[in-house]
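Structural overview
The lines below spell out each chain.
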Amino acid sequence: MWTKQNLHDLISSGLRDVQFIVVSNREPYLHSYTGREIVCIQPASGLAAALDPIMRATGGTWIAHGAGSADRLAVDAKNHVAVPPESPKYTLRRVWLTKEQENRYYYGLANEALWPLCHTAFTRPVFRPEDWQCYREVNELFAKAVIEEAGGQPTFVFIQDYHFGLLPRILKDSGLPNMYVAQFWHIPWPNQEAFRAFPWGEELLDGLLGNDVLGFHIGYHCRNFLSAVDRGVEARADMERFEVTRGGHVTAVRPFPISIDFESHSQAAAEPRVEAEMERWRHELGLNDELIVGIGLDRIDYTKGIPERFRAVDRLLEEHPEYRGRLVFVQIGVPSRVHITRYKELNDEIDSLAEAVNWKWSTDSWKPVILLREHAGPARMMALHRLARFCLVSALHDGMNMVAKEFVASRFDEDGVLILSYFAGAAHELTDALLINPFSLEAMTEAIHLAIEMPEAERQHRMHRMRAVVAERNIYNWAGEVISTLLRFDFTNHVDAKRCEATAD
Ligand code: G6P
């Protein structure tokens, strides 16, 4: 099994004398003002949360957009800040963007074009040439930062996500001989029919083929990517070997299901501070032993299927009067990308739905839906996981969904039921969840009913098996597999790849 230690060993042997640079849009730590005070928080991003333990284990530099209101005050002259703040383990290099760049590259191209294009959630993508131009510009800007940090030394650059589709090509064309580039695309890759709608498809594919290794969560996304390449650019896409050759350069395209630091999450969930938070939740929400608690924890995003959950709660109360006065569904919704109209509409929609369901069913002492717009810290989230009879992950489409894995990791008591959408990557691994089609109100309602009525022995059996899966395929496994693939492919001239594989076993 992969651990923090053997990932560290792999890097220090396989990538000896090679610098490790991670690039993502979202930074792992953000400094912001609350009133006059500066606080440092970890933003709500599955990606940032997943990569942080890896960087703690490996050290190196993480380059990201400095988006916090007090970010500039925390950095030195090189725009560096040592993180995590309490016991620094790696360097965060912040890149500054103008308002215009943030609007066009982040809100526009990344989140109004690529995000809806890649998720089959039936929100129409918006393609503006000015946004694409700015996306190019920002990818160039990050390339400059990478080249500066690399300083001509052998470097492994590990790029994250759909914000940087052009960066790999820019880096490969920069002429630096010792730069090895891998990228992980954290969201789905759409089927060919959907991808054809992207007006700059050829340039994007070419950009991504600058990678030595390109990862997706599941094989299906890899195959979609390979067929886009096959139809969209001059390259040889080998569907058997999962490789693309373009201009003599080979890109390995592989599935690497991302995960969490299971061990440390599971241990942290058992700490007294989590028990204290459970007590706080009980007090704040008036939860008592008579009540059945269901939970949902998400960024407020139209891919997550939040309105669908509220409708299912409503339907359940209609069909099963015995749950009236007894079922409480707590939805934590972290506001996200709020400058985009579709997200504003969604916010209004979930407010009015929660309000309507509560209006219909609530009594003086009970309401079925509690919607909280808060960014709960890890202990508070774990506390909620532990209080829940079931956790509802009803994503209409999701690359992986880390909430599902976090819920499982928190349940060291091997209790609780996970209800999980087929359309989340996690459903490929967590087959002991109650798998649902979130587009079917009936299916979701029935799954909640089953979850509530499931006998304890069955809950434990399912949870036990899911915990074994997440323990085995943890975040170190993910990073280890990406790096081993890279070592097998591109570093063979520089390091003894067999030695590295041996370390990883
Ligand atoms: C998804 C994306 C990440 C992103 C996260 C939060 O998980 O794959 O790249 O960081 O959403 O979204 P945000 O736009 O706030 O970074």
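Residues numbered from 1 in each chain as written. Predicted model: local features only at pLDDT ≥ 70, side-chain atom pairs only at ≥ 80, totals over all residues. Heavy atoms only, no water.

**Considerations on the overall build of the chain**
Put simply, the test is: Under the scheme used here, helices are H or I runs from DSSP no shorter than 4 residues and strands are E runs no shorter than 2 residues, and both carry numbers assigned from the N terminus. We compute the radius of gyration over the C-alpha atoms and compare it with the globule rule, which gives 2.2 Å times the number of residues raised to the power 0.38. Each residue is placed in one exposure class: buried if its accessible area under a 1.4 Å probe, protein chains only, is under 20% of its type's maximum, exposed if it is over 50%, and partly exposed if it falls in between. In what follows, residue pairs with any heavy atoms lying within 4.5 Å of each other are defined as contacts. Surface exposure here means Shrake-Rupley accessible area, sampled with a 1.4 Å probe, where a residue is shielded only by the protein chains that are shown. Positive charge is attributed to Lys and Arg, negative charge to Asp and Glu, and no charge count is given to His or to the chain ends. Here the site of a charge means atom NZ of a Lys, CZ of an Arg, CG of an Asp or CD of a Glu.
Scanning the chain for helices and strands turns up 19 helices and 18 strands. In terms of overall size, the chain behaves like a compact globule, its C-alpha atoms giving a radius of gyration of 23 Å where 505 residues would be expected to give roughly 23 Å. Overall size of the chain, expressed as C-alpha extent along the three principal axes, is 70 × 55 × 45 Å. Counting across all 505 residues of the chain, residues that qualify as buried make up 61%. Taking the intrachain contacts of the chain between residues at least 6 apart in sequence as the baseline, contacts between residues at least 24 apart amount to 76%. About 20300 Å² of surface is accessible on the chain, with carbon and sulfur atoms providing 48% of the total. The centroid of the 54 positive side-chain charges in the chain is displaced by 2 Å from the centroid of its 70 negative side-chain charges.

**Overview of the confidence of the model for the chain**
To keep it simple, the criterion reads: Think of pLDDT as the predictor's per-residue confidence, scored from 0 to 100.
Per-chain confidence: the chain averages 95 in pLDDT, with 97% of residues scoring 70 or above. Taken element by element, the chain is modelled with least confidence in helix α19 (residues 497-504), mean pLDDT 35, and with most confidence in strand β17 (residues 417-421), mean pLDDT 99. Segment residues 491-505: pLDDT under 50, and 28 contacts once partners within four positions in sequence are set aside and those in other chains are kept.

**Considering the packing of aromatic side chains**
Formally: For Phe, Tyr and Trp, rings pair up if their centres lie within 6.5 Å, where Trp contributes its six-membered ring, and each pair is then called stacked (planes under 30 degrees apart), edge-to-face (over 60) or tilted (otherwise). The rule for a charge over a ring is simple: NZ of Lys or CZ of Arg within 6 Å of the ring centre, and within 35 degrees of the ring normal.
If you walk through the whole model with that rule in mind, you get 29 aromatic pairs. For the ring pair phenylalanine 127 and tryptophan 200, a centre distance of 6.4 Å and an interplane angle of 85° mean the geometry is edge-to-face. Of the two residues, phenylalanine 127 sits in the loop between α4 (99-118) and α5 (129-150) while tryptophan 200 sits in the loop between α7 (192-195) and α8 (201-208), which places them 73 residues apart along the sequence. Both rings, one in phenylalanine 142 and one in phenylalanine 164, keep their centres 4.6 Å apart while their planes meet at 55°; by these two values the pair is tilted. Remark: phenylalanine 164 occurs in the loop between β7 (155-160) and α6 (167-172) and phenylalanine 142 occurs in helix α5; sequence separation between them is 22 residues. For the residue pair phenylalanine 142 and phenylalanine 164, the accessibility class agrees, reading buried in each case. Over the ring of tryptophan 96 we find arginine 72, and its NZ or CZ is 4.3 Å from the ring centre. One cation-aromatic arrangement involves arginine 337 over tryptophan 115; the distance from NZ or CZ to the ring centre is 4.1 Å.

**Quick notes on helix α2 (residues 46-58)**
Defined as follows: Any helix carries an expected span of 1.5 Å times its number of residues minus one.
Between its first and last C-alpha, α2 extends 19 Å over 13 residues, near the 18 Å set by a 1.5 Å rise per residue. The buried count for α2 comes to 10 of 13 residues, which makes it a mostly enclosed element. Residues of α2 that are buried: Leu47, Ala48, Ala50, Leu51, Asp52, Pro53, Ile54, Met55, Ala57 and Thr58. Once α2 ends, the next one or two residues include glycine 59, with phi positive near 70°.

**So, the sheet that holds strand β14 (residues 327-334)**
Heads up, the condition is: Between any two strands, at least two bridges found by DSSP are needed for them to pair. Note on method: axes are straight lines fitted to C-alpha atoms, helices fitted across the in-contact stretch only, with angles between N-to-C directions ranging 0 to 180 degrees.
Pairing in this open sheet of six strands is parallel, and the strands run β15-β14-β13-β16-β17-β18 from one edge to the other. Each having just a single partner strand, β15 (369-372) and β18 (434-436) make up the two edges of the open sheet. Strand-to-strand twist in this sheet, taken as the mean axis angle between neighbours without regard to direction, amounts to 20°. Across three bridges, the pairing between β17 and β18 is parallel. Opposite serine 421, over in β18, you have isoleucine 436 as the bridge partner.

**Examining the environment of arginine 326**
Note on placement: arginine 326 falls in the loop between α12 (306-319) and β14. We classify arginine 326 as partly exposed; its relative accessible area is 36%. The spatial distance from the C-alpha of arginine 326 to the C-alpha of proline 154 is 60 Å, given a sequence separation of 172 residues. Sequence-distant contacts of arginine 326, defined by excluding residues within four places in its chain, comprise Glu290, Leu291, Ile292 and Trp366.

**Some remarks on the site of the ligand**
Let me state the cut-off plainly: Residues are counted as near a molecule or strand when any one of their heavy atoms sits within 4 Å of it. Contacts described as polar in this section are N or O atom pairs within 3.5 Å, which, within protein, must combine one atom able to donate a hydrogen with one able to accept it, while residues neighboring in sequence count only if both atoms come from side chains. Here the nonpolar group is Ala, Val, Leu, Ile, Met, Phe, Trp, Tyr, Cys and Pro; Asp, Glu, Lys and Arg are the charged ones; every other residue, Gly included, is treated as polar.
Neighbouring residues of the ligand: Arg26, Ala44, Ser45, Leu47, Tyr106, Trp115, Asp161, His163, His186, Ile187, Arg299 and Arg337. Arginine 299 is positioned with one of its side-chain polar atoms (N or O) 3.4 Å from an oxygen atom of the ligand. Separating an oxygen atom of the ligand from a side-chain N or O atom of arginine 337 is a distance of 2.9 Å. Calculation on the ligand without its partners gives an accessible area of 370 Å², and the protein chains cover 89% of this total. Along the lines of polarity and charge, the residues of the shell around the ligand split into five nonpolar, three polar and four charged.

**A closer look at the pairing of strand β12 (residues 249-255)**
Every regular strand shows the same layout, with side chains that alternate between the two sheet faces. Burial of β12 is extensive: five of the seven residues sit out of reach of the surface. Two strands pair when backbone bridges link them, and strand β9 (residues 213-216) and β12 are joined in this way by four bridges, in the parallel orientation. By the bridge assignment for β12, valine 213 is matched with alanine 252. Looking at chain direction, strand β11 (residues 243-246) and β12 are connected through four bridges and run antiparallel. Bridging from a neighbouring strand, threonine 245 pairs with valine 250 of β12.

**Some words on the pattern of salt bridges**
Quick reminder of the rule: By convention in these notes, a salt bridge is any Lys or Arg side-chain nitrogen within 4 Å of a carboxyl oxygen on Asp or Glu.
This model, assessed by the stated rule, comprises 43 salt bridges. With its nearest N and O atoms 3.9 Å apart, the salt bridge here joins glutamate 130 to arginine 104. Here glutamate 130 is found in helix α5, whereas its partner arginine 104 is found in helix α4, with 26 residues between them in sequence. For arginine 104, a relative accessible area of 23% translates into the label partly exposed. Aspartate 314 is the partner of lysine 360 in a salt bridge, and the nearest nitrogen-oxygen pair spans 3.0 Å. Of this pair, lysine 360 sits in helix α13 (residues 341-361) while aspartate 314 sits in helix α12; the two residues are 46 residues apart in sequence, bridging distant segments of the chain. Residue lysine 360 is classed as partly exposed on the basis of its relative accessible area of 43%.

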